[in-house]
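One letter stands for each residue in the lines below.
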Amino acid sequence: MARIENPCHKEGWNLPGTGVRYKEEPTVLMRIIPYAILAVVVPIAGCVLKPADADKQNDALDATAGRYGYATDDRTRTRTTDDLPPEPAWRDVLRRAFLANGDLEAAYHEWAMAVHKINQAGSWPSQPVELNFEYMFSAQRMKSFDRLTTSVRLMDATALPNKTYQDAVVVWREAQAAGERFRAAKFDLQVKVLQAWSDYCLQAERVRIQQQNAGLLRLVADTAASRVRAGGSQQEQLRADVELKLADSELATMKSELEQQRAVLNGLLRRPAAAALLAPTTFPAARPIPADDDSLLAAGVVNNAELSAMGYDRESRRAAVRRARLEYMPEINPMAAFTGSISQSIGAAIVLPTQFPKIRAMIAESRADLRRIEASAGQLQADRAGQFASTLLALRDAERRGLVFTEDIIPLAQRTVDLSRQAYSNGASSYIDLIDTQRTLLEVRLTAVEARATREKMLAELEALAGMDVETLAPASPATQETKP
């Protein structure tokens, strides 16, 4: 450890046992030397070796912070989490989730941690600078400047600049992968919220239809009771009462399930489980898809966030292989020293690698990790492409079923109800037949709504697989729309 002696002696101060009396004061040059050395060392200590595009990660991080309500200043630790409007739509619910969900926030901070590691890995020199000051006590008539020995060296051997740069490249690629994982977390949350919102709206529609169904069964039970009082069969009334009680029980179960789905949706929005969340009075209109199937299939999973993250992981592992090979290169420990005007010297200690088996194992390990990432990325590519095609087919089938029920089956069922009502008014049909046709119409309406809900859920999953929102897709050309069956 360096020993620093104080050269600032007052006049008349004696060194015990020597009889030497110091009368000189420290010169101005002696006072300036330490500050001059620091003036040279400090700029070097602020050097960061990293790729030119590494700063773009900081820009993307700041832009994302504003978009999702994260505070860029760690001192504030506040976030904007506006509550929902009285009658929220799917956009309001999704925006609230982006601003408040804790899992998405955690993914953001993991990305921020990875970005801040770039400067850590690229800092050069990689070792602190050690300053040594030694002052020689002597009875000879020497200037104080010539008695002071000053040396500068690194505390340990530092890596060559190319090694430090390669370390920064590895971490930079990992930061890019973390950014894509944040985007994947965004789409994962988007799928959960939109599907939960579709289920919530569907359940609310089921409750409304079941309420109408129970109302019809109540009319049937009242009619059967009137017939019993007029001398009719009591069996018909018992059957009507049983069906009414079953319908009321089913309605209570549906209302309970509606409350459960509201609690789950509030959890995704980081709200109290019992917080009010008004469902739409009718099932929401379908979200339009501007592009045709050919455009969707052409986009495919090119922008999929998981695949993008795997791609950056692959680049990171390739950089790690190159970094491991650099371990064969020596490291250097420069130093400089001077003793007043008597002597000046510079030198360097070169550290040669000797652990060749360890270096070979490090390279082999990095290569194996690279092969692992490449294998996983290839399989993930195939899986996501298959899921994309399957989801698109399921979405189009749900659209087809919804269109068939809306344009064909529901009008037929409504026509059947109108004819039954007319026959009943003419005495050609019973009241029970009229109620049955009305209940059939309610079931057809429910099936149509279920198909529309399935379509919205498949659309949310398709967006996550494609890595983009459908609103950002280019609209289909008129020629394509005309030839589309």
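Residues numbered from 1 in each chain as written. Predicted model: local features only at pLDDT ≥ 70, side-chain atom pairs only at ≥ 80, totals over all residues. Heavy atoms only, no water.

1. Topic: the overall build of the chain
- In terms of regular secondary structure, the chain is built from 12 helices and eight strands.
- Residue burial in the chain is summarised as follows: out of 485 residues, 41% are buried.
- Once local pairs closer than 6 in sequence are excluded, the contacts in the chain between residues at least 24 apart make up 78%.
- Working note: accessible area of the chain is about 27100 Å², and carbon and sulfur atoms make up 55% of it. (Helix = DSSP H or I, 4+ residues; strand = E, 2+ residues; numbered from the N terminus. Buried < 20%, exposed > 50% of the residue type's maximum accessible area, 1.4 Å probe, protein only. Contact = heavy atoms within 4.5 Å. Areas by Shrake-Rupley, 256 points an atom, 1.4 Å probe, with all protein chains shown as cover.)

2. What about helix 4 (residues 102-122)?
- When the terminal C-alpha atoms of helix 4 are compared, their 31 Å separation across 21 residues agrees well with the 30 Å that a helix rising 1.5 Å per residue should span.
- For helix 4, every residue scored as buried is listed here: Leu-104, Glu-105, Ala-107, Tyr-108, Trp-111, Ala-112, Ala-114, Val-115, Ile-118 and Gly-122.
- Summarising the contacts, the buried residues of helix 4 are in contact with strand 3 (47-48), helix 2 (55-67), helix 3 (90-100), strand 4 (123-124) and helix 6 (161-229). (Expected span 1.5 Å × (residues − 1).)

3. Topic: the confidence of the model for the chain
- For the chain, mean pLDDT is 82; residues scoring 70 or higher make up 83% of the total.
- Of all secondary-structure elements in the chain, the lowest mean pLDDT belongs to strand 1 (residues 13-15), at 41, while helix 9 (residues 305-325) reaches the highest, 95. (pLDDT = per-residue confidence, 0-100.)

4. Concerning the pattern of salt bridges
- Under the counting rule described, the total for this entry stands at 33 salt bridges.
- For Glu-105, the salt bridge identified is with Arg-270, shortest N-O distance 3.4 Å. Of the two residues, Glu-105 sits in helix 4 while Arg-270 sits in the loop between helix 7 (234-268) and helix 8 (293-299), which places them 165 residues apart along the sequence.
- On the accessibility criterion, Glu-105 (19% relative accessible area) is buried.
- Between Asp-293 and Arg-396 there is a salt bridge, and its shortest N-O distance comes to 2.6 Å. Of the two residues, Asp-293 is situated in helix 8 and Arg-396 in helix 10 (residues 356-426); the sequence distance between them amounts to 103 residues.
- Accessibility expressed as a relative area gives 26% for Asp-293, which makes it partly exposed.
- Connected via shared salt-bridge partners are Asp-293, Arg-396, Glu-399, Arg-455 and Glu-456. (Salt bridge = Lys/Arg side-chain N within 4 Å of Asp/Glu carboxyl O.)

5. Looking at the nonpolar core
- Within the largest apolar cluster, 45 residues are counted, with the highest numbers of intra-cluster contacts made by Trp-111, Phe-182, Val-193, Trp-197, Tyr-200 and Leu-265.
- For this core, the secondary-structure elements that each account for two or more residues are helix 2, helix 3, helix 4, helix 6, helix 7 and helix 11 (431-466).
- If you tally residues by element for this core, the top one is helix 6, at 15 residues.
- Counting residues in hydrophobic clusters, the runner-up holds 19 residues, among them Ile-289, Leu-465, Ala-466 and Leu-473. (Core = buried A, V, L, I, M, F, W, Y, C linked by side-chain atoms within 4.5 Å.)

6. Section: helix 10
- Over its 71 residues, helix 10 runs 101 Å from end to end, which matches the ideal 105 Å to within 8%, given 1.5 Å per residue.
- Of all the bends in helix 10, the greatest measures close to 40° and is centred on Phe-405.
- Gly-427 sits one or two residues past helix 10 and shows a positive phi near 85°. (Bend = angle between axes of the 7 residues up to and from the residue.)

7. Digging into the sheet that holds strand 8 (residues 343-351)
- On the basis of which strands lie adjacent, the open sheet formed by four strands has the order 5-6-7-8 and antiparallel pairing. The sheet is open, and its two edges are formed by strand 5 (129-135) and strand 8, each paired on a single side. Each strand axis lies, on average, 15° off the axis of its neighbour in the sheet, ignoring direction.
- Bridging between strand 7 (residues 331-339) and strand 8 involves nine bridges; their strand directions are antiparallel. Within the sheet, the bridge partner assigned to Thr-339 lies in strand 8 and is Ser-343. (Pairing = 2+ DSSP bridges. Axes fitted to C-alpha atoms, helices over the stretch in contact; angles between N-to-C directions.)

8. Comments concerning the packing of aromatic side chains
- For the coordinates displayed, the defined rule picks out five aromatic pairs.
- Ring geometry for Tyr-108 against Trp-111: centres 6.4 Å apart, planes inclined by 85°, an arrangement best described as edge-to-face. Of this pair, Tyr-108 and Trp-111 both sit in helix 4, three residues apart, roughly one helical turn.
- Given a relative accessible area of 5%, Tyr-108 falls into the buried group.
- An aromatic cluster is defined as three or more aromatic residues linked by ring pairs; in this entry it consists of Tyr-108, Trp-111 and Phe-182.
- Above the ring of Phe-187, the side-chain terminus of Lys-186 is found at 3.9 Å from the ring centroid. (Phe/Tyr/Trp six-rings, centres within 6.5 Å; stacked < 30°, edge-to-face > 60°. Lys NZ or Arg CZ within 6 Å of the ring centre and 35° of its normal.)

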